[in-house]
Structure formats: structure tokens, C-alpha cells
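A look at the structure
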Amino acid sequence: MAGRPGYLTLPIFSVLAAIGYVYYTAVFLAVPRWLGLATAAGVANAAAFTALAAACVATYAVAVRRDPGRVPPGFVPDVEDAESTVHEIKRKGGDLRYCQKCSHYKPPRAHHCRVCKRCVLKMDHHCIWINNCVGHGNYKIFLVFVLYAVVASFYAMILIIGSVLHSVPKDEQSSNDSSRTSISLSNWQIICGVILSPLALALAVLLGWHIYLILQNKTTIEYHEGVRAMWLAEKGGDLYHHPYDLGVYENLISVLGPNIFCWLCPVSNTVGNGLRYRTSYDIPLSTQPI
């Protein structure tokens with residue numbers, strides 16, 4: 001069951017539990033102790049974090065459920081199509097890429113996932129935390145979820161740190177019973193902060209990595225393939241250029257969509273059908289990226 005997309009698995013429950021734990025700590029412990037829910041600042045921060053947490057859950061659910069992209073039955077690349085200037089071939093033999101397990105040709109940038117047991121359009125990687133592949137159909141929504149999760153993690157850390165620092169002077173002046181309760185709440189928040197610190201760092205690194213890939217219009221698989229291709233090209237005295245690198249702005253559009261105001265919105269406006277992608281060979285030489 002762990003390998004079938006759409007099924008709820010232990011990692012998915014873990015992510016949802018972590019979101020709930022952080023939300024409860026931030027909104028019902030940190031905000032009341034620091035700002036108070038009866039104040040305008042407290043209500044505003046509680047409402048803002050609630051909206052952010054809701055956006056995290058919504059985008060996460062879409063990333064889990066959305067199909068990353070299937071190869072149509074009977075797909076055959078048209079080698080005589082004048083608009084398709086690049087056709088991916090096998091390293092050995094130079095034949096068009098064919099998946100023996102799925103018994104069909106592979107479109108450009110598609111790869112076979114051993115976990116999902118099928119080919120995925122523009123496959124980036126298989127993520128156990130969403131029990132799904134990240135590909136053409138859900139890459140943007142996955143990226144937006146990671147972005148929201150990073151913002152929420154650092155936001156929660158600020159609220160928790162502020163709450164703990166604000167409550168220290170009060171704990172020293174309070175009675176024994178209230179002091180014990182306050183210390184217990186502080187310990188709960190500290191534990192949450194200890195969990196959040198490496199989580200926020202890991203998510204920030206993951207976000208930075210995918211921003212780096214987007215700027216070059218690469219997937220994680222293409223990055224590793226490009227390292228080998230660059231080494232082979234340099235060994236033969238040639239230069240390697242990633243064929244799908246269209247320049248920074250065009251690369252961003254190809255992933256995030258043509259409307260710049262919707263780039264960070266939790267909507268998926270995927271460009272194209274995932275069977276054909278523009279390449280740098282489609283761009284006039286005078287406007288090609290350096």
C-alpha cells in the first residue's frame with residue numbers, strides 16, 4: 001500500500017500530526033502567553049498563522065492527491081515533427097527511449113518510477129512524504145507547499161521564542177502552582193522549538209534546492225544526468241548545455257505559469273501537456289541564454 005499514490009501512509013499521518021502539533025503550540029500556547037488572544041496583535045497573529053496552516057494543509061492534500069502526469073496509451077514520438085527539434089535517445093544505441101516495463105515510448109523528460117510502477121511525465125523524484133511522485137502535474141503545488149511550510153516553520157519559531165522570553169520574568173514572580181503550570185507550558189514550547197529547528201532548516205534547504213533547479217529548468221534527475229553529461233563533454237573537449245534552459249524568466253514561466261501574480265498562489269497552472277517542452281534550440285541565437 002505504501003507504493004500506491006493516493007493512499008494514506010505513516011509518513012503522511014506524520015506530516016499532518018506535525019502540522020497539528022505546531023499549530024496548537026503556536027496559536028493556543030505561544031500567542032496567548034506572549035500577546036494574548038484578547039489583544040489586536042494576538043488576534044491578528046493567530047488569524048495569520050491559522051490561514052498559513054490552512055494553506056499548508058490544502059496544498060499538501062493537493063500534492064498528495066494530484067496525478068503527476070501519465071503517458072498517454074500508445075504514445076509514439078513524431079520524429080518528423082519540425083517543431084520538435086530535440087528527441088531524447090538512449091545513451092547506448094541511440095534509439096528513442098522506450099520503457100520495457102510499461103511497453104511504450106517515453107516522452108521527453110519522462111522517467112519510470114519503481115515505486116509507482118509507471119512512467120511519470122517530467123519526473124523530479126518520488127516523495128515518501130506525499131506517497132506520490134513529483135512531476136509535471138503537481139510540481140508547482142509541491143513547491144508552493146514547501147514554501148508555505150518554510151514560512152510557517154520560521155513564523156512558529158518566532159512566536160515560540162517570543163513567548164518563552166516574555167514568560168520568564170512572570171515565572172519568577174508567580175506562585176508555586178502557577179509557576180509549575182507555566183514551566184510545563186514552557187517545556188512544551190521548547191520541545192516544539194527543538195523539533196522545529198532542524199525541520200525548518202531542512203525545508204529551507206529543500207526550497208533553495210528546487211529554486212536552483214527551476215532557475216535552470218532542470219529536474220532533480222536531470223541535474224544528476226547533467227553532471228555526468230558535463231563530465232563526458234569536457235572529457236571529449238566539448239561544452240555541455242542543458243537543452244531545456246530557456247533563460248531565467250522563461251524557466252520560471254515554464255514551471256510557475258505565465259501569470260506572475262499567481263506564481264506563489266496555491267493553484268496549479270501547468271504549462272503544456274507534459275509531452276513536449278520548448279528547448280533552447282527553439283529560441284533564435286540572438287536571444288538564447290548565456
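An unreviewed UniProt entry lists the protein under the name S-acyltransferase, with Urochloa decumbens as the source organism. Listed under Catalytic activity (unreviewed entry) in UniProt, the entry text for the protein is "L-cysteinyl-[protein] + hexadecanoyl-CoA = S-hexadecanoyl-L-cysteinyl-[protein] + CoA".

A few words on the pattern of salt bridges. Under the defined criterion, the tally for this structure stands at four salt bridges. Ionic pairing is found between Asp 67 and Arg 70, a salt bridge with its closest N-O pair at 2.8 Å. Using a relative accessible area of 32% as the deciding quantity, one classes Asp 67 as partly exposed. Taking the relative accessible area as the measure of exposure, Arg 70 reaches 53% and is therefore exposed. Of the charged contacts, one joins Glu 250 and Arg 278 as a salt bridge, the two residues approaching to 3.1 Å between their closest N and O atoms. With Glu 250 in helix H6 (residues 248-256) and Arg 278 in the segment after H6, the pair connects residues that are 28 residues apart, well separated along the chain. Each of Asp 67, Arg 70 and Arg 118 takes part in salt bridges that share partners, so that together they form one network.

As a further point, take the UniProt feature "transmembrane region" (unreviewed entry) in the protein. In the numbering used here, UniProt assigns the "transmembrane region" (unreviewed entry) feature to residues 7-31, 37-63, 141-168 and 188-215. Annotated as residues 7-31, this span is 88% helix and 0% strand, and its ends, taken at the C-alpha atoms, are 35 Å apart. This span, residues 37-63, is 89% helix and 0% strand, and a straight line between its end C-alpha atoms measures 33 Å.

Moving on, we come to the environment of Val 164. Its location among the elements puts Val 164 in helix H3 (residues 139-173). Residue classification places Val 164 among the buried positions, given a relative accessible area of 19%. Those residues in contact with Val 164 that lie beyond four places of it in its chain are Gln 189 and Ile 190.

Attention shifts here to the packing of helix H1 (residues 10-34) against helix H2 (residues 40-65). Packing of H1 against H2 brings their axes to within 10 Å, and their N-to-C directions diverge by 175 degrees. Judged by the inter-axis angle, H1 sits roughly antiparallel to H2. Residue-level contacts link Pro 11, Ile 12, Val 15, Leu 16, Ile 19, Val 22, Tyr 23, Ala 26, Val 27 and Val 31 of H1 to Gly 42, Ala 46, Phe 49, Thr 50, Ala 53, Val 57, Tyr 60 and Val 64 of H2. The residue inventory of the contact of H1 with H2, partitioned by class, reads 16 nonpolar, two polar and no charged.

About the thresholds
- Throughout this document, residue positions are counted from 1 along each chain, in the order its sequence is written.
- Given that the model is predicted, a residue must reach a pLDDT of at least 70 before its local features are reported, and side-chain atom pairs must reach 80 or more before they are shown or counted; all residues, however, enter totals for whole chains, interfaces and linings.
- Calculation of side-chain values draws on the structure's entire complement of heavy atoms; hydrogens and water are dropped beforehand.
- UniProt positions are given in the numbering used here, feature names are shortened, and annotations may be inferred rather than shown by experiment.
- Take a side-chain nitrogen of Lys or Arg and a carboxyl oxygen of Asp or Glu: if they are within 4 Å of each other, that pair is a salt bridge.
- The cut-offs for exposure are 20% and 50% of the maximum accessible area for each residue type, with area from a 1.4 Å probe on protein chains only; residues under the lower value are buried, those over the upper are exposed, and the others partly exposed.
- For helices the rule is a DSSP run of H or I covering at least 4 residues; for strands it is a run of E covering at least 2, with both sets numbered from the N terminus onward.
- Note on definitions: a residue-residue contact is assigned when non-hydrogen atoms from the two residues lie within 4.5 Å.
- Axis definition: a line fit to C-alpha positions, over the contact stretch in the case of helices; interaxial angles, taken between N-to-C directions, run 0 to 180 degrees.
- Roughly parallel here means an angle under 35 degrees, roughly antiparallel means over 145, roughly perpendicular means 65 to 115, and every remaining angle is called oblique.
- Each residue gets one label: Ala, Val, Leu, Ile, Met, Phe, Trp, Tyr, Cys and Pro are nonpolar, Asp, Glu, Lys and Arg are charged, and the others, such as Gly, are polar.

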